[in-house]
Amino acid sequence: MEFRQLRYFAAVAEELSFTRAAEKLHVSQPPLSHQIGVLEEELGSRLFVRTSRSVQLSEAGKALLPHVLAVFESLEEGRLHVQRVTQGLEGRVSVGITGSHFLGPLPHFIKDFRQSRPNVEVVLKEMAPADQLEAMTDLRVDLSFSRGIPPGSSMSGHLLWRDATVVVLPAGHRLSSRQSLHLQDLKDEDFVSLRLGSSIFVDSVYDACIAARFEPRIVQQVVEVLAVLNLVAAGLGVAVVPESVARQRAEGLAICQLHQEFGAPGICADVYLARRSDEQRPVVLEFVQRLVTWAMLRNSKPPDCGPSPTTAC
């Protein structure tokens with residue numbers, strides 16, 4: 001059976017007239033009648049009862065019709081499915097993310113995105129930033145949230161929102177009354193740090209200390225930034241962290257802006273969305289476009305979470 005034959009059969013079954021069916025299909029009647037005859041010969045049964053005055057479905061035709069219509073319905077659903085996938089309205093997006101980003105604005109975007117794209121499955125995979133980039137290279141995740149893009153990598157980065165870098169100290173620390181601090185002010189302090197090598201941000205803090213002519217005396221390395229804040233509040237040391245994260249747990253902490261020297265290695269806490277440069281899947285590109293647009297609109301609104309102009313709400 002050919003699709004053309006099924007289409008001709010369905011048209012005649014609907015019109016109950018070979019003449020009207022041919023007009024509907026924009027074909028001449030002889031080829032249409034011929035193809036119906038070929039189909040009947042293949043099935044070994046007459047599909048229509050023809051008289052000089054009418055055309056009616058035979059019992060075999062009545063049995064075949066719902067199957068033919070189901071084929072057309074399935075093909076139409078397939079066409080619509082392909083359109084949704086092509087437009088990025090359906091599919092799966094896997095996102096590498098660290099625990100600190102769950103405390104920021106991202107969950108609000110995910111909620112909005114899922115409401116507008118109910119047929120897109122968004123899978124969040126919590127892992128260290130360095131592991132995220134490796135997972136992207138291995139095609140285990142599609143996107144990554146990072147505070148920087150490795151130079152020379154095959155990733156494309158989209159800046160989502162700015163974030164300042166601050167020093168957090170135990171409340172009552174001798175430096176806690178200062179509005180801002182230089183890294184040199186911390187050279188004699190114990191440091192609490194995220195695990196070295198786990199992210200661009202933590203390695204940039206270490207490199208900046210070396211450039212400031214001292215090696216940070218790291219007394220504790222942990223995996224999560226909230227653990228860093230809790231250990232600092234407990235008096236184990238000081239830390240350099242993104243301001244938006246520090247504001248999530250300000251109790252027991254003093255927060256001072258970090259003054260970065262001009263020309264010195266910079267510490268960037270800004271949040272980027274990373275994707276593979278050769279990414280072509282429509283659902284991933286649609287997610288990226290909507291997130292970047294959402295972030296731009298969010299950034300254009302005045303902050304409402306405190307007096308600090310650099311706080312990322």
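If you're wondering where the values come from, they're calculated on a predicted model, not measured in any experiment.

Enquirer: I would appreciate a short explanation of the overall build of the protein in the present structure.
Expert: Of the regular secondary structure elements, the protein holds ten helices and 13 strands. For 313 residues, the compact-globule formula gives about 20 Å, and the C-alpha radius of gyration of the protein, at 32 Å, lies well above that figure. By its C-alpha atoms, the protein is 105 × 35 × 30 Å across when sized along the principal axes. The burial tally for the protein puts 43% of its 313 residues in the buried class. By sequence separation, contacts in the protein at least 24 residues apart represent 72% of the contacts at least 6 residues apart. Total accessible area on the protein is roughly 16700 Å²; 53% of this is exposed by carbon and sulfur atoms. Side-chain charges of the protein comprise 32 positive and 36 negative groups, with the mean position of each set lying 4 Å from the other.

Enquirer: Please explain the nonpolar core as it appears in this structure.
Expert: In a soluble, globular protein the nonpolar side chains are often hidden away together inside. Core analysis: the biggest nonpolar cluster contains 22 residues, and Val 93, Phe 109, Leu 143, Phe 145, Leu 160, Phe 287 and Leu 291 have the highest contact counts within it. Of all the secondary-structure elements, those providing two or more residues to this core are strand 3 (91–97), helix 5 (106–116), strand 4 (120–126), strand 5 (143–146), strand 6 (155–161), strand 13 (271–276) and helix 10 (282–299). The contact partners of Phe 109, leaving out residues within four places of it in the chain, are Phe 287, Arg 290, Leu 291 and Trp 294.

Enquirer: Please clarify how the state of the cysteines should be interpreted in this entry.
Expert: Here, disulfide denotes a covalent bond that connects the sulfur atoms of two cysteines. One pass over the structure, following the stated rule, counts zero disulfides. Left unpaired, Cys 256 is separated from the closest cysteine sulfur, that of Cys 209, by 15 Å. Between Cys 268, a free cysteine, and Cys 209, which holds the nearest cysteine sulfur, the sulfur-to-sulfur gap is 16 Å. Judged by relative accessible area, Cys 268 falls into the partly exposed class, the value being 29%.

Enquirer: Before we go on, may I ask you to explain the pairing of strand 3 in this structure?
Expert: The two faces of the sheet receive side chains in turn, since in a regular strand these alternate between them. For strand 3, the tally of buried residues reaches five of seven residues, placing the bulk of the element in the interior. Pairing between strand 3 and strand 4: seven bridges, direction parallel. Paired with Gly 96 across the two strands is Lys 125, which belongs to strand 4. On the question of chirality, the crossover connecting strand 3 to the parallel strand 4 by way of helix 5 is right-handed. Bridge count between strand 3 and strand 5: two bridges; the pairing is parallel. Of the residues in strand 5, the one forming a bridge with Gly 96 is Ser 144.

Thresholds applied
- Residues numbered from 1 in each chain as written.
- Predicted model: local features only at pLDDT ≥ 70, side-chain atom pairs only at ≥ 80, totals over all residues.
- Heavy atoms only, no water.
- Helix = DSSP H or I, 4+ residues; strand = E, 2+ residues; numbered from the N terminus.
- Rg over C-alpha atoms; globule rule 2.2 N^0.38 Å.
- Buried < 20%, exposed > 50% of the residue type's maximum accessible area, 1.4 Å probe, protein only.
- Contact = heavy atoms within 4.5 Å.
- Areas by Shrake-Rupley, 256 points an atom, 1.4 Å probe, with all protein chains shown as cover.
- Lys, Arg positive; Asp, Glu negative; His and termini not counted.
- Charge placed at Lys NZ, Arg CZ, Asp CG, Glu CD.
- Core = buried A, V, L, I, M, F, W, Y, C linked by side-chain atoms within 4.5 Å.
- Disulfide = S-S within 2.5 Å.
- Pairing = 2+ DSSP bridges.
- Right-handed = clockwise from strand over helix to strand, strands pointing away.

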